[in-house]
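Structural features, examined
Chain by chain, the residues run as shown.
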Amino acid sequence: MNDDKKTLVVLGSTGSIGTQTLDVARMHGYGIAALSAHTNYELAEKQAREFRPETVCMTDEAAYKELKVRLADTDIKVTYGKETLCETAAIPCDMVINAVVGMVGLEPTLAALNARNRVGLANKETLVTGGELVKAAEKANGTDIVPIDSEHSAIFQSLMGNSGNKIEKIILTASGGPFFGYNKEKMKTVTMEQALHHPNWNMGRKITTDSATLMNKGLELIEAVRLFDVMPEQVEVVVHRQSILHSAVEYEDGAVIGQLGVPDMKIPIQFAVTYPKRLPSCSKKLSLFDVGTMTFERADEETFVCLAEARKAIAKGGTAPTILNSANEAAVAAFLGGKIPFYRIGELVSGCCAKLRHTDKVTLQTISEADAAARADVMSAI
Ligand code: NDP
Ligand code: MG
């Protein structure tokens, strides 16, 4: 593979991770074979004109129609739909970056792996709902998934050169979000504006909300179990307000290896693409003198119930993580749509997880059934 001439497929190119992936591609002169977006046809048009992919797949019908007209003067193919999103993920390339939000990312991930494409995975919901299927597809096709989520990239990097030594523990760091230190009463006063203002990271609205409820850390705990084949009890969540240590691995001898850096997603995005090599980047370098102090605290799982629910879901296994994830997707959409206050997200997720029964068998069919049941349950409780 020629490092100067990588070709990427970017799913979710109009989002926070998608646009930063294109920044990395621009910097290193990577080719873009295909892009996908949902509603943002204006940005998709701009990206298509700059990067000249063969295909742009839109998953929202109105946006697809608009983009088709706008790109009529080019030879870029504009396609529509969930199935074509899977076909887009299967276009031969050096890496598919999956940066769509939500469990809609699962089938394109499987399609990419089944086409023997390597996958740079930002879309954590994929691993939470269909982790077993994804890992099986990775193995069966002899290709690999490189995590982009900053914590998992840090763990991945901390495992490099490990030569088969046993992992004692994964230290999964969490910023704590904007409401760290709040109690249940104070959480009732939280506004949408406060919830969407993350102290350290600039991200899409769904993950920013998840970071505020700590569901993001719950999803990441499950993501770590899936990716690194550890038991849930081996993952220790540590609140580290400065987001400088991005996560670490403790080995049997007590050595702890971690990865540090400024909080900038371009670093793990670029590393996923260049792995195992490293290239210069446009990201700021870390100054430990500027950081000064790094702190480590426990998360309050009584207030941040979503994290506790995620632990329970992965302990149950089967489709329980899908129920958790889908309940959360529905509750967060209701919050972002102004239908429920912030504190109701945790209540709705807990209620749904307690009520719905999971099944041990994980297939696309059982995932789809669990997904539908969880969404219906949350909608009926709103
Ligand atoms: P954004 O909301 O910024 O972007 C989401 C992307 O997915 C957009 O391109 C959007 O299209 C597209 N999209 C939305 N809904 C659908 C759908 N139903 N079908 C297909 N595509 C859809 O999200 P982020 O970039 O913040 O996050 C993407 C993923 O990466 C998430 O799983 C998140 O948890 C994970 N992640 C993000 C981090 C970050 O820093 N942002 C850090 C670590 C992980 P459009 O805009 O055109 O509607
Ligand atoms: Mg993360």
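Preceding block: the structure.
Reference entry: report on the structure contained in this document. The shown structure was predicted, so the numbers you read here are calculated from the model rather than taken from an experiment. (Residues numbered from 1 in each chain as written. Chains lettered and ligands numbered in written order. Predicted model: local features only at pLDDT ≥ 70, side-chain atom pairs only at ≥ 80, totals over all residues. Heavy atoms only, no water.)

This paragraph deals with the site of ligand 1. The environment of ligand 1 is made up of 24 residues, and the closest members are Thr 14, Thr 39, Asn 40, Glu 125 and Gly 204. Note that an oxygen atom of ligand 1 is positioned 3.2 Å from one of the backbone N or O atoms of Gly 15. Here a nitrogen atom of ligand 1 and a side-chain polar atom of Thr 59 are 3.4 Å apart. Protein contacts shield 87% of the accessible area of ligand 1, which totals 910 Å² for the unbound molecule. Residue classes in the shell around ligand 1 are distributed as 10 nonpolar, 11 polar and three charged. (Near = heavy atom within 4 Å. Polar contact = N/O pair within 3.5 Å; in protein donor to acceptor, adjacent residues only side chain to side chain. Areas by Shrake-Rupley, 256 points an atom, 1.4 Å probe, with all protein chains shown as cover. Nonpolar A, V, L, I, M, F, W, Y, C, P; charged D, E, K, R; others polar.)

This part covers the state of the cysteines. Going through the model one piece at a time under the given rule, you end up with zero disulfides. In this structure Cys 86 is not part of a disulfide, and its nearest cysteine sulfur, from Cys 57, lies 8.9 Å away. (Disulfide = S-S within 2.5 Å.)

In terms of residue burial, strand S9 (residues 235–239) counts as a mostly covered element, since four of its five residues are buried. As judged from the five bridges shared by strand S8 (residues 167–174) and S9, these two strands associate in the parallel manner. Within the sheet, the bridge partner assigned to Ile 170 lies in S9 and is Val 235. (Buried < 20%, exposed > 50% of the residue type's maximum accessible area, 1.4 Å probe, protein only. Helix = DSSP H or I, 4+ residues; strand = E, 2+ residues; numbered from the N terminus. Pairing = 2+ DSSP bridges.)

Hydrogen bonds between backbone groups are what pair the strands of a sheet, and the pairing can be parallel or antiparallel. Ordered by their spatial adjacency, four strands build an open sheet running S9-S8-S10-S11, and the pairing between neighbours is mixed. Whereas interior strands pair on both sides, the edge strands pair on one side only; in this sheet they are S9 and strand S11 (256–260). Put simply, the sheet's adjacent strands are angled 20° from each other on average, direction ignored. Looking at chain direction, S8 and strand S10 (residues 245–251) are connected through four bridges and run antiparallel. Its bridge partner lying in S10, Ile 171 is registered against Ala 248. Sheet strands in contact with helix H11 (residues 215–228) are S8 and S9, and its direction is about 150° off that of S8. (Axes fitted to C-alpha atoms, helices over the stretch in contact; angles between N-to-C directions. Contact = heavy atoms within 4.5 Å.)

Here we take up the pattern of salt bridges. In total, this model carries 27 salt bridges according to the counting rule given. The salt bridge partner of Lys 355 is Asp 377, with a shortest N-O separation of 2.6 Å. With Lys 355 in helix H16 (residues 344–355) and Asp 377 in helix H17 (residues 364–381), this pair connects stretches of sequence that are 22 residues apart. Several salt bridges share partner residues, and in doing so they unite Glu 42, Glu 45, Arg 49, Glu 66, Arg 70 and Asp 73 into one network. (Salt bridge = Lys/Arg side-chain N within 4 Å of Asp/Glu carboxyl O.)

What follows covers the packing of helix H15 (residues 320–336) against H16. Where H15 contacts H16, the axes come no closer than 9 Å and their chain directions differ by 150°. Of the possible angle classes, the one that applies to H15 and H16 is roughly antiparallel. The interaxial crossing formed by H15 with H16 has right-handed handedness. Contacts from Ile 323, Leu 324, Ala 327, Asn 328, Ala 331, Val 332 and Phe 335 of H15 reach H16 at Ile 345, Leu 348, Val 349, Cys 352 and Cys 353. In terms of residue class, the contact of H15 with H16 is made up of 11 nonpolar, one polar and no charged. (Parallel < 35°, antiparallel > 145°, perpendicular 65-115°, else oblique. Left-handed = near helix turned anticlockwise from the far one by under 90°.)

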